[in-house]
Amino acid sequence: MSAIVWIRRSLREYDNTALVEASKKHENLIPLYIVDDKYFQKASLGYPRVKFWHSALQNFKRQLKEKEKDIIVRKGNPVEELNKIIEETSAEKLYFNRDYSPYSRKRDKKIQEFDLETESFKDLVMFEKEEILSNSGSPYKTYTYYAKKWFNKDKDRPQKPQKYNVPELESEEIPSLKELGFEIPENFEWEWNPSREGGMKRLSLFKQKILDYDSDRDYAWKDATSKLSPHLKFGTVSIREVFWETERIKAKNPDNLSGIKTWQEELAWRDFYFQMLYNFPESGEKALQKQFRDLEWRSKKEAKEDWEAWKNGETGFPFVDAGMRQLKKTGWMHNRLRMVVTSFACKDLWLDWRDVHEFFNENFVDAELASMIGGIQWAYSIGTDSQPYFRVFNPWTQGEKYDPNGEYIRRWIPELKNVPDNHIHRPYKMSQIAENKSDCVIGEDYPRPIVDHSEMREKSIKKFEAVRE
Ligand SMILES: Cc1cc2nc3c(=O)[nH]c(=O)nc-3n(C[C@H](O)[C@H](O)[C@H](O)COP(=O)(O)OP(=O)(O)OC[C@H]3O[C@@H](n4cnc5c(N)ncnc54)[C@H](O)[C@@H]3O)c2cc1C
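Here we summarise the structure given alongside this text. (Residues numbered from 1 in each chain as written. Predicted model: local features only at pLDDT ≥ 70, side-chain atom pairs only at ≥ 80, totals over all residues.)

This next bit is on the overall build of the chain. Assigned secondary structure in the chain consists of 20 helices and five strands. In summary, the chain has a C-alpha radius of gyration of 24 Å against a globular reference of 23 Å for 469 residues, a match within 12%. Along the longest, intermediate and shortest principal axes, the C-alpha atoms of the chain span 80 × 50 × 50 Å. When the 469 residues of the chain are sorted by exposure, 43% land in the buried category. In the chain, the share of contacts with a sequence separation of at least 24, taken over all contacts with a separation of at least 6, comes to 75%. (Helix = DSSP H or I, 4+ residues; strand = E, 2+ residues; numbered from the N terminus. Rg over C-alpha atoms; globule rule 2.2 N^0.38 Å. Buried ≥ 20, exposed ≤ 12 C-beta atoms within 10 Å, placed from the backbone. Contact = placed C-beta atoms within 7 Å.)

This part covers the sheet that holds strand S4 (residues 93–97). The strand order across the open sheet formed by five strands is S3-S2-S1-S4-S5, and the pairing between neighbours is parallel. Of all the strands in the sheet, the pair left with one neighbour each is strand S3 (72–75) and strand S5 (117–121). Taking each pair of neighbouring strands and ignoring which way they run, the sheet shows an average axis angle of 25°. As judged from the four bridges shared by strand S2 (residues 28–35) and S3, these two strands associate in the parallel manner. Pairing of isoleucine 34 across the sheet is with arginine 74, part of S3. Its contacts with the sheet put helix H1 (residues 17–25) on strand S1 (2–6), S2, S4 and S5, and the angle it makes with S4 is roughly 150°. (Pairing = 2+ DSSP bridges. Axes fitted to C-alpha atoms, helices over the stretch in contact; angles between N-to-C directions.)

This paragraph deals with unusual backbone geometry. Of note in this structure, glutamate 68 is not a glycine but carries a positive phi near 60°. Along the chain, glutamate 68 falls in the loop between helix H3 (47–66) and S3. Its 8 C-beta neighbours within 10 Å are what place glutamate 68 among the exposed residues. Residues other than glycine seldom take positive phi values, yet serine 90 does so here, at roughly 50°.

Let us look at the pairing of S2. Where burial is concerned, most of S2 is hidden: seven out of the eight residues are buried. In the sheet, S1 pairs with S2 via five bridges, with the strands oriented parallel. The partner of serine 2 across the bridge, within S2, is asparagine 28. For the crossover that starts at S1, traverses H1 and ends in the parallel S2, the hand is right-handed. (Right-handed = clockwise from strand over helix to strand, strands pointing away.)

With that settled, consider the site of the ligand. Within the structure, the ligand sits among 27 residues, and Thr225, Ser226, Glu266, Asn335 and Gly375 are positioned closest to it. Listing elements by their share of the shell around the ligand, those giving two or more residues are helix H9 (229–234), helix H11 (258–279), helix H14 (335–348) and helix H16 (369–379). Sorting elements by how many residues they give to the shell around the ligand places H16 first, with six residues. Residue composition of the shell around the ligand, by class: 11 nonpolar, eight polar and eight charged. Each of domain 2 (197–279) and domain 3 (290–467) gives at least three residues to the shell around the ligand. (Near = placed C-beta within 6 Å. Nonpolar A, V, L, I, M, F, W, Y, C, P; charged D, E, K, R; others polar. Domains from an automatic or database assignment.)

The following block contains the structure:
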């Protein structure tokens, strides 16, 4: 008798918990992937993320085929397609890994009603749902206390699946990106290898840098972070294997632990936001802090000019613009910039955070609801454990501090390539002679600042104060 392993976002064989557990009990497994084409029409998706998913799925299928196994692909509504394949194969059990977004939970609830034994597993995160609670039994809203328990708790280790066979079954073609309605944007730079090999390569490159992570990670021009986020999103690597790999480095470098500890803290942040979304699912749509739910933001329609300038990286604030252009060109943005551009959208432009969310969702290769909502609400000072509303990022000094020589700015804003170091952060202050020398006329080749930051800072604080309880 066979069992179905419904693959969703853990696009790998190694340490795929549902697959591993199923292989312990069944010789014949049916790894199944259902492409729900309606989802592609409804959800706010964009090329980078869909391309990553598409290639990762294709590569996963290819790898299994090389081992004389396969992924059976079906297209359609997941519940209907599951019903069909259960009937077709007389499978005795359905295995899958849990997901935590409101959409996935609603979908998976229907599956649990099937007349077939089903079992779901924790796989995407180290700790889920209510595994880490405060001493009074409620979910943590403050990261520091959560992280303390996260670090002290025993963690699962990665596992290999046991031997299994995949019976021959009809499998449909994975639809092309074009069929799904996605085309490569103009001038896009694709830097990802969305496969198991690609994920392992990123991990191995990053292992050489991890000891310096705490000192280097905020410098936008340094390539000092792992860039594992899309791999963790689509499961081409597992959270357990990356964690335990870094523990191995720790054992070899007992006197140099701060880089590793800081990086593992980011994994804890990821889990923290997943548990927030699970325990407070309304946060996907509403500010977590009730006192700030009535703040009135400017919709992208109302603030059309500012919205366009922000999203196209044409605000006249070079550090902000460089971040937005990196995103547009590659689908990824450095974490320091994610904080700076979001804070700017909030406190300098007063843009509606839900529009920002939709835009990021369409543009991030690693778009992950839990981390994105967590990050946006943090920068907007409306979420859990957020940046306090009166602490406003200064977009000028952020650039001066984290990109002192303007390397990052010049990399992403070619118009500023020849602007000298003393003007790179505030090019609008250049004299006409300096403008001519650097081949960059402010107001023509690169915009003047669209707002006065000091003025917007004051206004923003007042707006928060007016509704604060
Ligand atoms: C406004 C905003 C939006 C964000 N949206 C996303 C998103 O959609 N998807 C996403 O994966 N991350 C998001 N982040 C978190 C963070 O910016 C990215 O995870 C990180 O930049 C990815 O690069 P990396 O893999 O090199 O990270 P590294 O610095 O190497 O960190 C390792 C891993 O830890 C996790 N991580 C790191 N920082 C955070 C964080 N602050 N919160 C949660 N997890 C974290 C990621 O999985 C990351 O791959 C967002 C942050 C902000 C401020």
